[in-house]
Structure formats: structure tokens, C-alpha cells
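The residues making up each chain are set out below.
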Amino acid sequence: MARSKLNRRATAGGRTSLGSTAEPPIAYRVAMSDPDSHEFEVEMHVPPLPERATADIIFPAWAPGSYLVRDFVRHVYALTITDDRGYHLPHERLDKQRWRVSSGGHGFRVRYRVFAFEQSVRTSHLDRSHGYWNGTSLFFFVDGELKRPCEIAVQRPPRTRWRIDTALPPIAGRPDHFRAADFDELVDSPFEVGDHAHAAFSITGVKFEVALYGRTNADRARLIQILRRVVIATAEMFGGKFPFTRYLFIIHALPVGSGGLEHSASVTMDITGLSFEDEGGYQRFADLAAHEFFHAWNVKRIRDAVLGPFDYTRENYTRLLWFHEGFTDYLANVIILRAGIIDEKRFWRFIADDWPRYANRPGRSETTLAELSFEAWIKLYKPAENHVNRSVSYYEKGLWAGMALDLLLRRRTSGRRGLPDLFARLWTSFGRHDRPISEIDVRNAATQVARAPMDDFFRRYIHGTDELPLPALLRTAGLLVAERPEWAIEAEKPDGDRDRVKERRLRAWTGIALHPDRLLVRNVIPDSPAWRAGITFGDDIVAVDGHRVAPATFAKRIADRNPGERCRITYFRRDSLEEATLTLAENPERKLIVKPDPDATRPALAIRRGWLGV
Ligand SMILES: [Zn+2]
């Protein structure tokens with residue numbers, strides 16, 4: 001994710017004199033002479049570093065924005081280090097990712113190959129269809145020289161006319177050469193090289209480019225229109241201006257894909273290419289784009305001090321990911337609503353569908369949001385089987401915390417100000433001046449927006465594990481909100497619509513969650529009937545009451561019985577056939593109903609109007 005102070009300033013208002021252009025750059029070259037080998041050929045030339053008898057070269061361990069040590073060096077092969085005349089230079093490997101080069105202060109050249117066969121937003125991929133890279137999985141840096149300017153030359157595969165897209169500015173007069181203010185900017189600027197589709201549009205003089213790789217059934221003009229709307233609606237939250245002069249969307253349309261990785265002047269988004277058979281595909285695309293584009297402010301420029309410049313060698317701990325990711329996830333929904341991509345009805349449905357998923361999670365109140373963020377490296381990014389029972393994602397909980405704070409601020413200000421105003425403040429006071437934030441600054445901004453102390457919110461929901469009062473807050477915005485089990489909702493329907501068979505069959509509950517389309521147990525809710533009967537993760541169910549079941553019939557056979565009745569489940573555990581008898585309970589999982597209250601009071605309507613901003 002990051003950019004240094006230097007190039008943040010550079011993107012905001014042109015290069016400053018700080019990075020003296022006289023300083024010789026570190027020059028990289030990336031070739032791909034045999035895409036079928038999936039190996040990039042990389043060369044790094046380090047200029048003379050007088051006064052340094054040795055120089056350490058280090059390969060990054062992680063990619064900013066994705067909080068996991070990935071040890072990218074595991075894909076490095078055929079490393080050679082020579083001096084400027086081509087003679088082998090003595091060097092020693094000090095640890096998995098660090099080499100000490102005895103350069104005697106002279107320039108030297110490092111050549112190596114990188115196996116690039118992981119198609120994700122945070123890694124690199126090369127085959128005959130394209131080359132894509134994140135600098136963190138391709139480039140060494142020189143210890144102590146992160147601030148030095150970088151250059152990169154790209155060599156296409158032989159006999160191709162692949163186009164090269166990146167947010168880095170080209171170097172005038174040197175085709176296929178690009179310049180980065182420093183290593184942070186170099187690795188914060190992914191490259192897409194191939195024969196992908198390309199489009200561009202401009203808004204208030206800022207050029208937006210789109211590199212679309214892969215096969216999709218989406219209407220491309222509509223994708224561009226969505227991006228345009230998202231970009232405008234997001235900028236409106238920050239005074240209508242962009243913090244860069246050029247921005248690149250790299251979109252990978254894959255067989256299966258969802259997710260993005262934000263950068264200062266670009267983004268990579270993986271989408272499922274053939275998922276545009278209905279509106280849902282476009283809405284998911286818009287939601288992802290809004291999330292990622294909001295990051296151009298939140299986390300890339302409004303950021304915790306440890307999130308840029310980075311330490312690429314190890315974990316960079318922050319307690320603010322609920323703010324950087326969760327609040328971003330929440331505001332993405334507001335942005336696509338304000339952009340007219342979804343309507344109010346869809347917005348209520350998003351709350352009704354997603355809140356119960358969160359509110360039914362057994363692990364949602366075990367750990368504070370601040371701690372969930374801190375331990376991202378070992379928990380969210382390395383989830384164990386029991387993650388859902390003992391933990392929750394700071395994306396998910398952070399989203400609801402963001403909505404709760406927005407509604408609290410609206411309530412204090414009769415709907416006039418809310419979470420977008422908090423971000424506008426942090427941008428004006430910190431991000432724009434390249435000053436990092438801490439949680440105190442977020443808290444102070446909330447207090448300023450509310451014109452009342454907001455410490456209680458942070459104490460209870462960020463550093464405490466109090467249940468988020470979302471249903472109550474939704475009611476203050478003039479909404480009718482009810483939380484009930486699904487069978488109770490069925491029972492309340494008017495006689496003509498009420499399905500008594502369905503109502504009865506919705507009640508019986510085991511506490512077992514299966515992997516999609518399989519009979520493999522993904523989770524067992526603590527203290528549920530299945531938990532008490534000893535069924536656990538990975539058990540492979542074959543029969544209910546002695547009759548074989550399939551993924552589509554397991555729930556139906558459970559529903560044949562009433563709560564309180566006993567039920568026999570047969571399963572394989574590590575190839576041994578076992579059986580458990582459990583006493584079914586009544587399904588405790590609650591659904592949410594959200595709809596506008598026709599009798600909402602004027603203050604409630606003011607809150608709702610300010611909140612939605614439409
Ligand atoms: Zn994000």
C-alpha cells in the first residue's frame with residue numbers, strides 16, 4: 001500500500017527538490033523472454049555507494065495492504081551478483097531474504113529469475129496471456145537506500161506487441177522506461193503487460209485509465225460508467241478533488257476472483273469474469289471498486305504511521321485496520337448508493353442480509369477491534385477452523401462499527417454531519433499534509449464532527465466488546481427494524497402468504513455448517529446439539545437416521561424432525577465410520593427486517609436523509 005512522504009508530496013503537487021535528481025537511481029530491468037516458463041528475468045543495477053564496503057540487498061517479505069508474511073524470496077532462482085565489468089562479486093546470504101555484497105562502494109548488478117505463477121492481486125503472474133507484477137514479489141531493495149529514486153525498463157516477450165500499463169510515469173525519450181521517486185513508489189505501482197483491453201476517461205482534468213485483462217460477459221461500457229460514477233461520488237466526500245493527476249484501474253477478469261489491492265495511484269481488482277448475468281455482478285463490481293478507490297484516501301494517504309514508509313522485512317503492526325478496512329467497506333456501500341448504482345431498497349437489503357451474518361457469529365465479541373487489527377498477521381490471514389467461533393474479521397465488524405458511528409454522529413447533528421465529514425477532516429488536517437494519524441486523531445475528529453465527546457464509542461466498541469447497538473441506531477433513522485428467527489417471520493405473515501409447513505421445518509437445528517456443496521463439516525457452533533454430541537470440523541457426513549444424504553438433502557432430513565427430537569448422524573472421521581445421536585434444538589439464528597417507517601418523525605427523517613445523502 002504505501003508511498004513515502006516524498007512521493008506522496010510528488011503526486012499531490014509535483015516533484016519537490018528533496019529527491020535530488022542528481023542522485024543516481026537504482027535501475028531495474030524486467031524481461032520475460034519465455035512466458036511459458038512463468039519466470040520473470042530481473043536485473044537490478046545498484047549505482048556506486050561510496051563509503052560502503054558492503055551493501056545488503058533484501059527481498060520484501062510481504063505486500064503492503066495484505067497483512068501476511070509471504071516470503072516472496074521463495075520464488076527467487078539463479079541469483080548472480082557481478083560488478084560493473086561483469087566479474088563475480090563475493091557475497092554472503094545472511095538470512096532467508098538478505099544478502100551482503102562486498103561491492104567496495106562500486107556499482108554492481110544483481111540478476112535473478114522469479115517464478116510468477118500466483119494469479120492474485122498481491123502476487124505476480126506470467127504466462128503467454130500476460131505478465132502482471134507487484135514490485136514486492138519481484139524486486140530487491142538495498143538496505144538504507146529505500147529513498148533513492150528508481151527506474152524500471154520493461155522488455156516485452158519476443159514477437160509480441162504487448163502494451164504496458166502502470167501508474168508510474170514514463171521517462172521521456174526512453175520507450176518502456178518508467179521512473180519511481182523511491183522504492184515505496186516502485187512497489188506501490190503494479191504492472192499489467194499484455195494484449196488486454198484499455199480504456200480511459202477524464203474527470204476534472206484527472207486521467208483515469210482502465211486495463212482490463214481476461215474474459216468477461218460484462219458490458220464494458222457499463223463497467224467504465226460504474227467506475228466513473230464511483231470516482232465522482234468518492235471525490236465528493238473530499239471536496240471534489242483528487243490527490244493524484246493520473247490513476248489506473250487494473251482489472252483481472254478470472255474464472256473465480258474477488259478482491260482488490262489498493263495503491264496510491266492505481267488498484268488491482270480481481271473479479272469473476274463471467275458473473276455478470278444479472279445486476280448482482282455489476283453491484284459487486286461497484287462495491288469492490290468503491291472500496292478500493294476510497295483507499296486512495298483512507299490508508300494510502302490518511303494512514304497510521306506504520307503504514308508507510310514500510311518495513312518490508314517483517315510484520316508492520318497497526319491497531320487501526322477496523323478504521324482503514326472496516327470503515328472503507330462500510331462507506332463503499334454509501335458511495336455506490338450516492339452514485340446511483342444501487343437504490344435505497346437495495347441498501348436496506350444489504351443491511352438485512354449482512355447484519356444477521358455478523359450478529360449470528362459466535363466469535364464476534366471475543367476480541368476488541370483494536371486487537372483484531374493488531375493480530376491480523378496471525379489470525380485473519382491464517383484462519384484456523386475455529387476462527388468463526390472465536391474471532392471475527394475487522395472488515396466485517398469494522399463495517400458495522402462504521403455504520404454505528406455514522407448514525408451516532410448523525411443523531412448528534414440532526415443528520416447534518418457523519419462519517420464522511422470525519423474523513424474529510426482527517427484528510428484536510430493530516431492526509432493532505434502527509435501527516436500520519438493515530439487513533440486519538442480519529443477520536444478527536446469524531447468529537448469535532450459531533451461537537452460532543454465521542455470517547456464512549458471508542459471505549460465500548462473499539463477497545464471493548466460491547467454488542468454494537470445497530471438495530472436501535474437504525475430506528476433513530478426512521479426505520480422499522482425487527483430481529484427474529486426465520487420461522488417466527490414466516491409465522492407473522494398474513495394467512496394467504498404464511499406457509500405452515502415451511503414454518504415448522506425451519507425450526508429444527510443442529511448447529512452444523514457444511515462446506516459449500518459438500519457434506520464436510522466446516523463449523524459446529526459451540527454448545528449447539530452437534531457440538532454437545534462431539535461432531536467437529538472435517539467430519540464427513542454420510543447418513544441421517546441410517547439413510548444416505550447428499551449436500552442438497554442433509555438440511556431437509558434434519559427438518560423432517562422437530563426440536564427436542566433425537567437424530568442419528570453417521571460420518572467418517574479420518575476414514576473411521578462413527579455415529580452421534582443428538583437432540584435437535586430450536587434454531588436461534590435471527591434474521592433482520594429493515595424497512596422505512598411510514599410514520600417516521602421529522603428528526604428521524606433528517607437523520608436518514610443526511611446519512612444516505614440522496
Ligand atoms: Zn481494503
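About the criteria used
Residues numbered from 1 in each chain as written. Predicted model: local features only at pLDDT ≥ 70, side-chain atom pairs only at ≥ 80, totals over all residues. Heavy atoms only, no water. Helix = DSSP H or I, 4+ residues; strand = E, 2+ residues; numbered from the N terminus. Rg over C-alpha atoms; globule rule 2.2 N^0.38 Å. Contact = heavy atoms within 4.5 Å. Buried < 20%, exposed > 50% of the residue type's maximum accessible area, 1.4 Å probe, protein only. Lys, Arg positive; Asp, Glu negative; His and termini not counted. Salt bridge = Lys/Arg side-chain N within 4 Å of Asp/Glu carboxyl O. Polar contact = N/O pair within 3.5 Å; in protein donor to acceptor, adjacent residues only side chain to side chain. Donors = N, O, S within 2.8 Å, 3.2 Å for Na, K, Ca; no water. 1 Å grid on protein atoms, 1.4 Å probe; cavity = no way out; pocket = protein on both sides within 12 Å on 5 of 7 lines; lining within 4 Å. Points joined across faces, edges and corners; volume = space filled by probe spheres on them. Nonpolar A, V, L, I, M, F, W, Y, C, P; charged D, E, K, R; others polar. Pairing = 2+ DSSP bridges. Axes fitted to C-alpha atoms, helices over the stretch in contact; angles between N-to-C directions.

**Some remarks on the overall build of the protein chain**
Counting secondary structure elements, the protein chain contains 18 helices and 29 strands. Against the globule reference of 25 Å for 614 residues, the protein chain gives a C-alpha radius of gyration of 27 Å, in line with a compact fold. Along the first, second and third principal axes, the C-alpha atoms of the protein chain reach 85 × 65 × 45 Å. Here the contacts in the protein chain between residues at least 6 apart in sequence split such that 69% fall between residues at least 24 apart.

**Digging into the side chain of Asp597**
Looking at the element boundaries, Asp597 is found in the loop between strand E29 (590–596) and helix H18 (602–612). With no salt bridge to any partner, buried Asp597 finds its closest opposite charge in Arg608, at an N-O distance of 6.9 Å. Polar contacts involving the side chain of Asp597 include one to the main-chain amide nitrogen of Asp599, which spans 2.8 Å. Setting aside residues up to four positions removed in sequence, Asp597 forms contacts with Gly478, Leu479, Leu480 and Arg608.

**Re the coordination of the zinc ion**
Around the zinc ion, the protein contributes the donor atoms His291 (NE2), His295 (NE2) and Glu325 (OE), at 2.0 to 2.1 Å from the metal centre. Counting the intervening residues between successive donors of the zinc ion yields the motif H-x3-H-x29-E. His291 sits in the buried class, given a relative accessible area of 6%.

**Examining unusual backbone geometry**
For the bond running from Gly308 to Pro309, omega is -10°, close enough to zero to count as cis. Within the secondary structure layout, Pro309 lies in the loop between helix H4 (279–294) and helix H5 (321–338). With phi around 75°, Glu51 is a residue other than glycine that occupies positive phi space. If you trace the backbone, Glu51 turns up in the loop between strand E2 (39–46) and strand E3 (55–58). For Glu51, a relative accessible area of 86% gives the class exposed. Although it is not a glycine, Asp527 adopts a positive phi angle of roughly 65°. Take Asp527: it is sitting in the loop between strand E23 (521–524) and helix H16 (529–532).

**A look at H18**
Turning to H18, its buried residues number three or more, namely Ala604, Ile607, Arg608, Gly610, Trp611 and Leu612. Against H5, helix H6 (344–359), helix H9 (394–412), helix H13 (470–476), strand E20 (479–485) and E29 lie the buried residues of H18. At the exit of H18 stands Gly613, carrying a positive phi of roughly 65°.

**Quick look at empty space enclosed by the protein**
Applying the stated rule across the entire model yields two cavities of 30 Å³ or more. The computed volume of the second largest cavity comes to approximately 30 Å³. Considering the residues around the second largest cavity, the lining is formed by Leu372, Glu375, Ala376, Lys379, Leu380, His387, Ser391, Val392 and Tyr394. Considering only residue class, the lining of the second largest cavity consists of five nonpolar, two polar and two charged.

**As for the sheet that holds strand E1 (residues 26–31)**
Taking strand neighbours across the sheet as the criterion, the six strands line up as E4-E7-E2-E1-E11-E13 in an open arrangement whose pairing is mixed. Looking along the sheet, the strands with just one partner apiece sit at the ends: strand E4 (76–83) and strand E13 (177–180). The average angle at which neighbouring strand axes cross in this sheet is 15°, direction not considered. Pairing geometry for E1 and E2, over five bridges, is antiparallel. Paired with Ala27 across the bridge in E2 is His45.

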